There are 2 protein chains.
Amino acid sequence: MKIAVLGGTGNIGVGLSMRLSIAGYDVIVGSRNKEKAKEKAREYETILKSMGYENEIEYADNRRASELCDVAILAIPCEHVFSTAESLKDVLEGKIVVSPAVPMKKEGKTFYYSPPPEGSAAEKIASILHNSQVASAFHTIPAKKFADMKAVFSWDVPVCGEKSAKEVVMEIVNSIDGLRALDAGPLSSSRLVESVTPLLINVAIRAGMRDLSIKFV
Amino acid sequence: MKIAVLGGTGNIGVGLSMRLSIAGYDVIVGSRNKEKAKEKAREYETILKSMGYENEIEYADNRRASELCDVAILAIPCEHVFSTAESLKDVLEGKIVVSPAVPMKKEGKTFYYSPPPEGSAAEKIASILHNSQVASAFHTIPAKKFADMKAVFSWDVPVCGEKSAKEVVMEIVNSIDGLRALDAGPLSSSRLVESVTPLLINVAIRAGMRDLSIKFV
């Protein structure tokens, strides 16, 4: 199965690209800029090589990556994710698309959840990509620790969406060491998962903790 | 310090009454019905006795319990919590009041967060009890397991509110074995914590798990 990590050059895309490659998926690093995608793909291969993996990581611009993939993960900063989805609508038709997007606003020292009128970022993306199968996952993964291939973690990943897409995405989540996928309901319950992220940030800031995620115990 | 557990005869009030007594607080079980409060207080004393504790647990109707306490926990079903707060407004003046309330609605098999126009149940309670110091905590505690005095758990409890009240409430939370209080920000961030509860329920239903709570890891 070919997974395009759109925005695979930054943030959560770094860890996803390398960890999904290790898990055995064909990974395509997507970026607005093909040269940047190439540079990062080579960098990921070098890191994987130092770990003993001879994996090849593909690269492409976001449009070409979307064409080539079976599943696309929108690892794109929230302020650009809707316009990117809009621009890739035709090439993402019929594909499974995963949204980790979390719309937030900051007031004083506190982050709040700031969902669009559709109810959640995931539902807005589904309304844009109405011919794709949209699921949501990876909202609560701390990007920096996830990108550190020496990091050890045990995190739960709530996944929302309709059954067929959700099953595929849960399998992808579970393929990554240290992650456990949990079925959190239909796509409309994404609002409950997206809003955990500002809570994690608020707690982390106040407790002086870093790289916080959640476990359901 | 005297803690009134209003609605201390049911749900989360059961575990709170016994566990706060063990932690060394003077506990008053409050109920609409004084006789019911008495009956439950005696029952809790019996359970504690079987565990080797000779603790006395006070009881009163909710109004008298509110008068007597330093801190009141509104362990009252969400559909009654606002009217109860309204009716106790005068006697809760100047006191610390803790809201574990979570307004939810169910659509199909999925629970959603259903906050009042104030933003969260906690903020609505604060708008009613404008002469009290309102904090929020205990939203994500699974009542049944918490009431089982043989249960072993390790759960995180986000606490929201203004500094002075929050510090007292965090100390109360931390006094209970197996709970860790985390500062989750001002009272307005209660919305982020309240909305975790329907997520926990949705995940628990679908995974066939019980008594789920959270840890920040």
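A quick note: this is a predicted structure, and the numbers were derived from the prediction, not measured. (Residues numbered from 1 in each chain as written. Chains lettered and ligands numbered in written order. Predicted model: local features only at pLDDT ≥ 70, side-chain atom pairs only at ≥ 80, totals over all residues. Heavy atoms only, no water.)

## A closer look at the pattern of salt bridges
Move 1: Scanning the entire structure with this criterion turns up 24 salt bridges over all chains.
Move 2: In this structure, R63 of chain B engages D90 of chain B in a salt bridge whose closest nitrogen and oxygen atoms are separated by 2.9 Å. Here D90 of chain B lies in the loop between α4 (78-88) and β5 (96-99) and R63 of chain B lies in helix α3 (residues 62-68), a separation of 27 residues in the sequence.
Move 3: Judged by relative accessible area, which is 33%, R63 of chain B ranks as partly exposed.
Move 4: Measuring nitrogen to oxygen at the nearest pair gives 2.9 Å for the salt bridge that ties K163 of chain B to E167 of chain B. Separated by 4 residues within a single helix, K163 of chain B and E167 of chain B lie in helix α7 (residues 163-174), roughly one turn from each other.
Move 5: Given the relative accessible area of 45%, E167 of chain B is considered partly exposed.
Move 6: Within this structure, D156, R180 and K215 of chain A form a network of salt bridges that share partners. (Salt bridge = Lys/Arg side-chain N within 4 Å of Asp/Glu carboxyl O. Helix = DSSP H or I, 4+ residues; strand = E, 2+ residues; numbered from the N terminus. Buried < 20%, exposed > 50% of the residue type's maximum accessible area, 1.4 Å probe, protein only.)

## Considering the nonpolar core
Move 1: In terms of nonpolar packing, the biggest core is built from 40 residues, with L16, L20, F138, F146, V173 and L179 of chain A touching the most fellow members.
Move 2: Beyond its immediate stretch of four places on either side in the chain, L20 of chain A contacts I3, V5, G15, Y25, V27, I73, I172, S175 and I176 of chain A.
Move 3: Core analysis: the next-biggest nonpolar cluster, separate from the first, contains 39 residues, V14, I96, V159 and A165 of chain B among them. (Core = buried A, V, L, I, M, F, W, Y, C linked by side-chain atoms within 4.5 Å. Contact = heavy atoms within 4.5 Å.)

## Focus on the interface of chain A and chain B
Move 1: Between chain A and chain B, the residue contacts involve 34 residues of the former and 34 residues of the latter.
Move 2: Summing both partners gives a buried area of about 2600 Å² for chain A against chain B, and 71% of it is carried by carbon and sulfur.
Move 3: Its largest share of buried area at the contact with chain B, chain A owes to L192, L199 and V217 of chain A, together 26% of the area lost on that side.
Move 4: Between the two partners, chain A and chain B, sit 0 salt bridges.
Move 5: One can count 8 residue pairs in polar contact (both at pLDDT 80 or more) joining chain A with chain B.
Move 6: Broken down by secondary-structure element, the contributors of at least two residues to the side of chain A that touches chain B are β7 (110-113), β9 (155-161), β10 (179-183), α8 (190-194), α9 (196-207) and β11 (214-216) of chain A.
Move 7: Ranked by the residues each element gives to the side of chain A that touches chain B, the list is headed by α9 of chain A, at 7 residues. (Buried area = accessible area lost by both parts, 1.4 Å probe. Polar contact = N/O pair within 3.5 Å; in protein donor to acceptor, adjacent residues only side chain to side chain.)

Function cannot be inferred from these measures alone, as they are strictly geometric.
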